[in-house]
Amino acid sequence: MIRIQEILDKVQSYRPDSDVESIRKAYVFAAANHAGQVRLSGEPYLSHPLAVADTLADLRLDDASIIVGLLHDTVEDTHATLEEIEEMFGPEVAEIVDGVTKISQIKFDSKEEQQAENIRKMILAMSEDIRVLIVKLADRMHNMRTLDFQKPEKQQRIAKETMDIYAPLANRIGLHRVKMELEDLSFKYIKPDAYDQIATWLNRHRQSDISYIADVRCSIGEMLRENEITGVVKGRIKHIYSIFRKMTAQSVSLDEMHDIIAFRVIVAELKDCYAVLGLVHAKWRPVPGRFKDYISMPKGNMYQSLHTTVAGPRGERMEIQIRTEEMDRLAENGLASHWLYKEGSRVKAKDVRQFNWLREMLDWQKVENDSKEFLRTLRFDLFKDEIYVFTPNGEVKVLPENATAVDFAYQVHSKVGDHCAGAKVNSKLVPLPTPLKSGDYVEIITNQNRHPSRDWLKYVKTAKARSRIQHYIRTEERERTVTLGRDILEKQGRRFGVNFQKAIKEIDEQKLAAEFNLKTLDDLYSAVGYSHVQVQRVLRALQTMLGPDKLDTQGKPDKTEKDGLLQQQQRHTPESTVREAEKREEQRKADSISITGGGDDILLRFAKCCNPVPGDHIIGYISRGRGITVHTADCPTIIAAEPERLLSINWDGQREDPFPTRIHILAKNVKGLLHMVSGVLMDENINIDSGTMRSNVDGRSEINLVVEVRDTVQLYQVMSKLRHIKEVLEVVRSVAPESKGKQVELVE
């Protein structure tokens, strides 16, 4: 177990004027409150806060951070309170402890929702003080180092959460060493076989690698001395997870891997970086396309360095990074660490331009209420390689790889994105989905009459763009479904003999909404518009609440209505008679349709694109503002539609026997894949008639299934749910092998 004196010695080595007494006081407070508690390893619980504080000292954090490291679990796991901590150590320490403390006492519907709420709270706290995240990362790192003592299922869950969330966050604030260790520790539990294979291979080659590193370091060192450049040369073997990623990306074996060893040249001045680069390229042949200048264009976390790959002394590729001492320290310990120990004061994300990404994260987490979507978007934003593009004024914007003009527009300003109508890249008009490249100059063309489109979601790459588009679509769709629901209730109310507009004023609106477990009348209108609530149920509830005495029924037409009908009859022409006949035919067809899970009193119209007739296999599509549109099951419009807006409908008397169809699934070859797929099918009550599974050498599996579904709505919906399995790469509807060449692929 680490001793407190070791931590104090580290802190005093970089902060000679540190408040040693306060740190000792925090240690005594933690020891007293954690007394008698033990970890699963059998060690005293105090070993954990000591390890966290030691990691923070390695990162050269300030006194307050070290104190929080010692106290971070006292509020959650002991009888200590935030008030006690604030009284003894001040409000600054108490606020950070509160930001780091887990919120496990709050009850949530699922573990995923609980995780999302924990991360939301952490992000909000980070915006006030970035040390919240740094302490949390140190806490997670020690938990990962001792994960062996947890149950296997918990190991998998914690490791996956660390890989998905905490390692990318460490990378975002420049804590490179922390990020690498978290990735390797997570990988050890997520893919133990691959981890052991790479670790064994590295151990087998370690001796020759050490010799090779020594030779290259000596060669570069001699080059520096000959040119009178002061510098240090380091060499290392890349960490296990980065090797695995390269193997997967390049589809090569370990023996075929290149540039596993990386070298770093650390010089005193900026000009020496480029001088060393020239010397290295003169000595060894550079590999084309493998040079990156992160000094002139730093990464989003302000990482700076020159990267080049050359053919080394043995002819194999080797990566060389060249940077100054300041750049190296920031790359290893992070920008936040530099700010903290140098300034010795709180760092608010809103005051530091390097944390733009955090401010963006705060913006979209405010508008994203769905926890699963929030987590998905967070992962979407954290995992990305960066490109650097320019505004017409020469300002650099950092975007993820394959980002489009729409992403760029939202990066400039939310309103620019909302009204994006076109884009010029390097002075040429390009389609909005065109991927941008580093160095592009981008100009956005706006139009106040243009608004976000659902199609944009197919190609945007930033969380900010995605969240803004989804927010607009949800707002717009809700307004339309509210209007549609109100119109449907008014029209169907007349058929029931109810003056809906007048009746709704006579009752308690919230009470009516509560009858359907909804909060407001607009929620009820929206539910009716989406066909989630049957019209008949609403009208019956309304009649019950009013009672027979107050019910304003609509009887026979009065004189004014009769005059209106007479005028309509007088205006009839041969053409209008034809139209009336067509309307009667439409109504006759509508009356012969039954809707699965819905009422009969729902607005129906028939699509002109496929013109369904009785006997055709049909599907209902919930149209914004126009009720339900009936299409044939094989209509191209329906194949490209959103599954959640499809509705099962049949002609009255039509048989509903299940029919067989084929699904082709391409997925990562992981343990339990077949179980995950069959679980989704079982949840949807879909029978598997037959199937085959084949593993490919590229680490992917192909699954071909024949399943029995009641209709294409059920098929499209289950395919959509299969796509939500993280390991699944592609799901398409296929045809029999003898019909090869006629495969139908569903649009995502």
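Residues numbered from 1 in each chain as written. Predicted model: local features only at pLDDT ≥ 70, side-chain atom pairs only at ≥ 80, totals over all residues. Heavy atoms only, no water.

Caption draft 1: Representation of the overall build of the protein chain in the model. What the protein chain contains, in helices and strands, is 30 helices and 19 strands. Here the protein chain, with 748 residues, has 49% of them falling under the buried criterion. Put simply, of all contacts in the protein chain between residues at least 6 apart along the chain, 66% involve residues at least 24 apart. When the accessible surface of the protein chain is summed, it comes to about 38200 Å², and 48% of that surface belongs to carbon and sulfur atoms. (Helix = DSSP H or I, 4+ residues; strand = E, 2+ residues; numbered from the N terminus. Buried < 20%, exposed > 50% of the residue type's maximum accessible area, 1.4 Å probe, protein only. Contact = heavy atoms within 4.5 Å. Areas by Shrake-Rupley, 256 points an atom, 1.4 Å probe, with all protein chains shown as cover.)

Caption draft 2: Focus on the sheet that holds strand S4 (residues 306-311). Reading across the sheet, the 5 strands line up as S1-S2-S5-S4-S3 and stay open at both edges, with mixed pairing between neighbours. Each edge of the open sheet carries a strand with a single partner, namely strand S1 (231-237) and strand S3 (292-293). Note: S1 against strand S2 (residues 261-267), 7 bridges, orientation antiparallel. Bridged to Val232 within S2 is Ile266. Contacting S1, S2 and strand S5 (317-324), helix H12 (residues 192-226) runs over the sheet at an angle of about 165° to S1. (Pairing = 2+ DSSP bridges. Axes fitted to C-alpha atoms, helices over the stretch in contact; angles between N-to-C directions.)

Caption draft 3: A negative patch on the surface, seen in detail. Taken together, Glu83, Glu84, Glu86 and Glu87 make up a surface patch of like negative charges. Tracing the backbone through its elements, the reader meets Glu86 in helix H6 (residues 82-89). For Glu86, a relative accessible area of 42% corresponds to the partly exposed category. (Patch = residues over 30% accessible without salt bridge, like charges linked within 9 Å, V, L, I, M, F, W, Y side chains within 5 Å. Salt bridge = Lys/Arg side-chain N within 4 Å of Asp/Glu carboxyl O. Lys, Arg positive; Asp, Glu negative; His and termini not counted. Charge placed at Lys NZ, Arg CZ, Asp CG, Glu CD.)

Caption draft 4: Geometry of the pairing of strand S15 (residues 646-651). With 6 of its 6 residues buried, S15 lies for the most part within the structure. Where burial is concerned, the two faces of S15 agree: the one with Leu646, Ser648 and Asn650 and the one with Leu647, Ile649 and Trp651 are both buried.

Caption draft 5: The arrangement of the nonpolar core in detail. The biggest cluster of nonpolar side chains holds 55 residues, and the ones touching the most others in it are Ile66, Leu71, Val93 and Leu137. Here this core takes 8 residues from helix H9 (residues 131-145), the largest share from any one element. Excluding residues within four positions of it along the chain, Leu137 makes contact with Tyr166, Ala170, Ile173, Leu175, Val178 and Leu182. Membership of the second largest hydrophobic core comes to 27 residues, among which are Cys635, Ile665, Leu681 and Leu722. (Core = buried A, V, L, I, M, F, W, Y, C linked by side-chain atoms within 4.5 Å.)

Caption draft 6: Examining the packing of helix H1 (residues 4-14) against helix H4 (residues 63-71) more closely. It is at 11 Å that the axes of H1 and H4 come closest, and there the two elements cross at 165°. Taken together, H1 and H4 sit at an angle that is classed as roughly antiparallel. Between H1 and H4 lies a crossing whose hand is right-handed. Note on element contacts: H4 touches H1 through Asp63, Ile66 and Leu70, opposite Ile4, Ile7, Val11 and Tyr14. Among the residues forming the contact of H1 with H4, the class breakdown is 6 nonpolar, no polar and 1 charged. (Parallel < 35°, antiparallel > 145°, perpendicular 65-115°, else oblique. Left-handed = near helix turned anticlockwise from the far one by under 90°. Nonpolar A, V, L, I, M, F, W, Y, C, P; charged D, E, K, R; others polar.)

Caption draft 7: Just unusual backbone geometry, in detail. Phi angles above zero are rare outside glycine, and Asn517 is one such case at about 60°. The residue Asn517 is located in the loop between helix H23 (509-514) and helix H24 (521-529) in this model. One non-glycine residue, Asn685, lies in positive phi territory at about 60°. Examined against the element boundaries, Asn685 turns out to sit in the loop between helix H29 (673-683) and strand S17 (687-695).

Caption draft 8: How the structure looks around the pattern of salt bridges. Within the structure shown, the criterion is met by 20 salt bridges. Among the salt bridges present, the one from Asp272 reaches Lys271, with a minimum N-O distance of 3.4 Å. The class for Asp272 is buried, based on a relative accessible area of 11%. For Lys271, a relative accessible area of 56% corresponds to the exposed category. Sharing partners across several salt bridges, the network here consists of Lys10, Asp54 and Asp58.

Caption draft 9: Main features of the side chain of Thr462. Assignment of secondary structure puts Thr462 in the loop between strand S10 (442-446) and helix H21 (463-496). There is a polar contact of 3.4 Å between the side chain of Thr462 and the backbone nitrogen of Ala465. (Polar contact = N/O pair within 3.5 Å; in protein donor to acceptor, adjacent residues only side chain to side chain.)

Caption draft 10: Representation of the packing of H12 against helix H13 (residues 240-250) within the structure. Interhelical geometry of H12 versus H13 gives an angle of 105° and a closest axis separation of 10 Å. As far as their axial angle goes, H13 and H12 are roughly perpendicular. Contacts between H12 and H13 involve Ala194, Tyr195, Ile198, Ala199 and Leu202 on the former and, on the latter, Ile240, Ile243, Phe244 and Met247. Residue composition of the contact of H12 with H13, grouped by class: 9 nonpolar, no polar and no charged.

Caption draft 11: Representation of the sheet that holds strand S9 (residues 428-430). Taken in spatial order, the 3 strands make up an open sheet running S9-S8-S10, and their pairing is antiparallel. This sheet does not close on itself; its edge strands, each paired only once, are S9 and S10. Pairwise comparison of adjacent strand axes, ignoring direction, gives a mean angle of 35° for this sheet. Here strand S8 (residues 420-425) runs beside S10; their pairing, made up of 5 bridges, is antiparallel. Its bridge partner being in S10, Ala423 is matched across the sheet by Ile444. Along the sheet, helix H19 (residues 405-412) contacts S8 and S10; its crossing angle with S10, the most-contacted strand, is approximately 80°.

Caption draft 12: Quick peek at H4. H4 sits mainly inside the fold: 9 of its 9 residues count as buried. Residues of H4 that are buried include every one of Asp63, Ala64, Ser65, Ile66, Ile67, Val68, Gly69, Leu70 and Leu71, and no others.

Caption draft 13: Broad picture of the side chain of Gln155. With respect to the helices, strands and loops of the structure, Gln155 is situated in helix H10 (residues 152-172). There is a polar contact of 3.3 Å between the side chain of Gln155 and the backbone oxygen of Asp148. A polar side-chain atom of Gln155 sits 3.1 Å from the main-chain carbonyl oxygen of Gln150. Those residues within four positions of Gln155 in sequence are excluded, and the remaining contacts are Leu147, Asp148, Gln150 and Tyr189.

Caption draft 14: Expanded view of the packing of aromatic side chains. Inspection of the entire model under this criterion finds 9 aromatic pairs. Look at Phe29 and Phe89: their rings are 5.9 Å apart centre to centre, the planes differ by 80°, and that puts the pair in the edge-to-face class. A residue pair is termed long-range when its members are at least 10 positions apart, and Phe29 in helix H2 (residues 20-33) and Phe89 in helix H6 qualify at 60 residues. Through a chain of ring-to-ring contacts, three or more aromatic side chains come together here, namely Phe187, Tyr195, Tyr241 and Phe244. The residue whose ring lies beneath Lys25 is Phe89, and the NZ or CZ to ring-centre distance is 5.6 Å. Note that Lys283 overlies the ring of Trp284, its terminal NZ or CZ placed 5.5 Å from the centroid. (Phe/Tyr/Trp six-rings, centres within 6.5 Å; stacked < 30°, edge-to-face > 60°. Lys NZ or Arg CZ within 6 Å of the ring centre and 35° of its normal.)

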